[in-house]
Amino acid sequence: MLKFSQDRQRYIQWLYQGRKRFGVSVLNYTVTCNHVHLLVKNDCSENNIPALMQLVSGRVGQEYNQRKGRKGAFWEDRYHATAIESGPHLTRCLTYIDLNMVRAGVVKHPAEWPHGGYQEVYGTRRRNTILNLDALLGALEFSSVSQLREVYGDWIDEALLTEDGLREEHWTRSIAVGSSDFIRQTQAALGARGKPRDIFKCGEAFVLREAEANYGPDFGLKNRAMGPEEG
């Protein structure tokens with residue numbers, strides 16, 4: 001439903017307002033033609049991220065419906081949240097978000113897509129900036145924006161060379177992505193909600209998600225559920 005540039009821009013403007021109101025640090029984002037990727041760090045209440053999403057999604061939907069004279073739901077589904085471990089998994093998630101529209105064949109480089117965080121990292125987008133660069137530097141353990149820009153460019157160049165064009169569903173369908181220890185800690189922290197979840201090995205990462213049967217036969221061909229003694 002974000003096929004019009006003005007709707008994508010309004011999403012960014014409301015995200016700008018919401019992240020200030022609720023104290024959520026945005027580390028990266030991409031607003032595409034039909035969905036949104038947000039990488040956030042919440043330093044406040046656990047309810048702040050849901051409140052942010054409710055504000056932004058609600059206002060964008062209301063404005064679209066008013067402009068088009070329509071009624072009904074604007075979004076097909078509610079948002080899905082995935083916990084990402086810092087370190088190499090966070091790095092991979094950052095570049096995966098940036099290359100979303102490259103994978104879609106819309107642009108050849110993330111610098112060409114105006115509705116994403118890549119341009120903010122390099123200072124080419126100055127109005128309604130969304131990223132908290134200080135929080136991003138801290139998460140990546142960098143000391144300066146210049147260091148971030150130098151290394152970030154290398155990450156993107158490497159990803160462009162190795163990207164196979166396929167969607168990596170563990171970023172969008174998992175409950176958590178990271179090392180084996182991080183996944184087991186997340187599962188334990190969820191208590192009763194974490195027990196029915198399965199741990200899978202997915203490439204170099206481990207993921208926590210719903211039982212394999214819930215995702216159809218294709219998922220099991222590439223990702224194997226891990227037993228409690230593995231990892």
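Relevant structure appears above.
Now for a quick tour of the structure. (Residues numbered from 1 in each chain as written. Predicted model: local features only at pLDDT ≥ 70, side-chain atom pairs only at ≥ 80, totals over all residues. Heavy atoms only, no water.)

Regarding the environment of Gly58
- Relative to the elements of secondary structure, Gly58 occurs in helix α2 (residues 48–68).
- It is 9.8 Å that separates the C-alpha atoms of Gly58 and Trp14, two residues lying 44 residues apart in sequence. (Helix = DSSP H or I, 4+ residues; strand = E, 2+ residues; numbered from the N terminus.)

Remarks on empty space enclosed by the protein
- The final tally for this structure, using the stated rule, is 1 cavity of 30 Å³ or more.
- Each residue belonging to the lining of the largest cavity can be placed in one class, and the counts come to 7 nonpolar, 3 polar and 1 charged. (1 Å grid on protein atoms, 1.4 Å probe; cavity = no way out; pocket = protein on both sides within 12 Å on 5 of 7 lines; lining within 4 Å. Points joined across faces, edges and corners; volume = space filled by probe spheres on them. Nonpolar A, V, L, I, M, F, W, Y, C, P; charged D, E, K, R; others polar.)

Section: the pairing of strand β2 (residues 36–42)
- Summarising the sheet, strand β1 (residues 24–31) and β2 pair through 7 bridges and their orientation is antiparallel. Note on β2: the bridge partner recorded for Val26 is Val40.
- Hairpin connection of β1 to β2: 4 residues between the antiparallel strands. (Pairing = 2+ DSSP bridges.)

With respect to the packing of aromatic side chains
- Per the counting criterion, the structure on display carries 5 aromatic pairs.
- Between the aromatic rings of Tyr96 and Trp171, the centroid separation amounts to 6.3 Å while the plane-to-plane angle is 35°, which identifies the pairing as tilted. With a gap of 75 residues between them, Tyr96 in helix α3 (residues 88–98) and Trp171 in helix α8 (residues 170–173) connect regions that are remote in the sequence. By the burial criterion, Tyr96 is buried, and Trp171 matches it.
- Judged by centre distance (5.9 Å) and plane angle (50°), the ring pair of Tyr152 and Trp155 falls under tilted. Taken together, the positions of Tyr152 and Trp155, both in helix α7 (residues 145–162) and 3 residues apart, correspond to about one turn of that helix.
- Overall, Tyr152 belongs to the buried group, its relative accessible area being 0%.
- Through pairs of rings, three or more aromatic residues link up here, namely Tyr118, Tyr122, Phe142, Tyr152 and Trp155. (Phe/Tyr/Trp six-rings, centres within 6.5 Å; stacked < 30°, edge-to-face > 60°. Buried < 20%, exposed > 50% of the residue type's maximum accessible area, 1.4 Å probe, protein only.)

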